[in-house]
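Commentary on secondary and tertiary structure
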Amino acid sequence: MDAYFWIILVVGLVSTVLCLGAGILKKAPNDVTLLSVVAVEAALVVYLVGSIVRVIAGERIAGEAWEFWGYMATAMLLPPAAIYWAILERTRWSNFVLAAVGVTALVMAARMNQIWY
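Numbers given for residues are sequential positions, taken from 1 along each chain in its written order. For a predicted model such as this one, the threshold for reporting local features is a pLDDT of at least 70, and the threshold for listing and counting side-chain atom pairs is 80 or more; totals across whole chains, interfaces and linings nevertheless cover every residue. Calculation of side-chain values draws on the structure's entire complement of heavy atoms; hydrogens and water are dropped beforehand.

1. Quick word on the packing of helix α2 (residues 31-56) against helix α3 (residues 65-88)
Our working rule: Only the stretch in contact is used when a helix axis is fitted, and all axes are lines through C-alpha atoms; the angle between N-to-C directions ranges over 0 to 180 degrees. Here a helix means four or more residues in a row that DSSP labels H or I, a strand means two or more in a row labelled E, and each is numbered from the N terminus. Oblique is the label for any angle not under 35 degrees, not over 145, and not in the 65 to 115 range, which are roughly parallel, roughly antiparallel and roughly perpendicular in turn. A crossing counts as left-handed when the near helix is turned anticlockwise from the far one by less than a right angle, and as right-handed when that turn is clockwise. Contact between two residues is taken to exist if any of their heavy atoms lie within 4.5 Å; hydrogens are not considered.
It is the contact of α2 with α3, at a shortest axis distance of 10 Å, that shows an interaxial angle of 160°. Accordingly, the angle class assigned to the pair α2 and α3 is roughly antiparallel. Of the two elements, α2 crosses α3, and the hand of that crossing is left-handed. Contact with α2, carried on its side by L34, V37, V38, V40, E41, L44, V45, Y47, L48, S51, I52 and V55, involves F68, W69, M72, A75, M76, P79, P80, I83 and A86 of α3 and no other residues of that element.

Structure follows, in structure tokens:
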């Protein structure tokens, strides 16, 4: 496991806990929950930039490159989609949608790590 995975692990789990907590407490999405998902997106951007640099430097992806980049693109689309949902539907249930982003990004990062190595 590389550092990118560990960063997404920590940020994703923190975001998930914050969003789940807000949903359980019946709160609407707020700055804390929305910004925690923005942090997940920022971690994914770091992963993207790092992956591009590694490929340019000559490092090879062990698995299928299209699969890795497909996971990356999908993972990066999830946070903006969930934030859009949460802004449109400002109910406690949107926090559960936001919570799913952190866990999903974590699982996708684990799979990207497997494909890379």
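2. A short note on unusual backbone geometry
Despite not being glycine, K26 shows a phi value in the positive range, around 60°. Tracing the backbone shows K26 in the loop between α1 (3-24) and α2.

3. Topic: the packing of aromatic side chains
Describing an aromatic ring pair means giving the distance of the ring centres and the angle of the ring planes. In plain terms, the rule: Pairing of aromatic rings covers Phe, Tyr and the six-membered ring of Trp, with a centre-to-centre limit of 6.5 Å; geometry is then stacked below 30 degrees between planes, edge-to-face above 60, and tilted otherwise. For every residue, the accessible area (1.4 Å probe, protein chains only) is compared with the maximum for its type, and the residue is labelled buried under 20%, exposed over 50%, or partly exposed between those bounds. Lysine NZ or arginine CZ positioned within 6 Å of the ring centre and within 35 degrees of the ring normal marks a charge as sitting over the ring.
Using the criterion set out here, one finds 6 aromatic pairs in the structure. Between the aromatic rings of Y47 and F68, the centroid separation amounts to 6.2 Å while the plane-to-plane angle is 70°, which identifies the pairing as edge-to-face. Within this pair, whereas Y47 is found in helix α2, its partner F68 is found in helix α3, the two being separated by 21 residues in sequence. Each member of the pair, Y47 as well as F68, carries the same accessibility label: buried. A centroid spacing of 4.9 Å and a plane angle of 90° characterise the contact between F68 and W69, whose relative ring orientation is edge-to-face. Among the aromatic residues, those joined into a cluster by ring pairs are Y4, Y47, F68, W69 and W116. Over the aromatic face of W116 sits the side chain of R54, whose NZ or CZ is 4.2 Å from the ring centroid.

4. Considering the pattern of salt bridges
Stated formally: Any Lys or Arg side-chain nitrogen located within 4 Å of an Asp or Glu carboxyl oxygen qualifies as a salt bridge.
Under the definition given, this model contains 3 salt bridges. Its salt-bridge partner being D2, residue R54 comes within 3.1 Å of it at the nearest N-O pair. Residue R54 is located in helix α2, and its partner D2 is located in the segment before α1; the two are separated by 52 residues in the primary sequence. Residue R54 shares its accessibility class with D2, and that shared class is buried. For E59, the salt bridge is made with R54, and the minimal N-O distance between the two is 3.2 Å. We classify E59 as partly exposed; its relative accessible area is 35%. It is possible to trace a salt-bridge network through shared partners that takes in D2, R54 and E59.

5. Some words on α1
Residue pairs spaced three or four apart in an α-helix point in one direction, given the helix's 3.6 residues per turn. Rules: Expected span of a helix: the number of residues minus one, times 1.5 Å.
Between its first and last C-alpha atoms α1 spans 31 Å; for 22 residues at 1.5 Å apiece the expected length is 32 Å, and the two agree. For α1, the secondary structure elements touched by its buried residues are α2 and α4 (92-116).

6. Concerning a nonpolar patch on the surface
The condition that has to hold: Patch members must show over 30% relative accessible area and no salt bridge, and they are joined within 9 Å when carrying like charges or within 5 Å when they are nonpolar side chains of Val, Leu, Ile, Met, Phe, Trp or Tyr. Only the protein chains shown count as covering a residue, and every accessible area follows the Shrake-Rupley method with a 1.4 Å probe.
Together, V10, V14, L18 and V32 line one region of the surface with nonpolar side chains, adding up to about 320 Å² of accessible area. In terms of residue count, α1 provides more of the nonpolar patch than any other element does, 3 residues in total. Along the chain, L18 falls in helix α1. The class for L18 is partly exposed, based on a relative accessible area of 37%.

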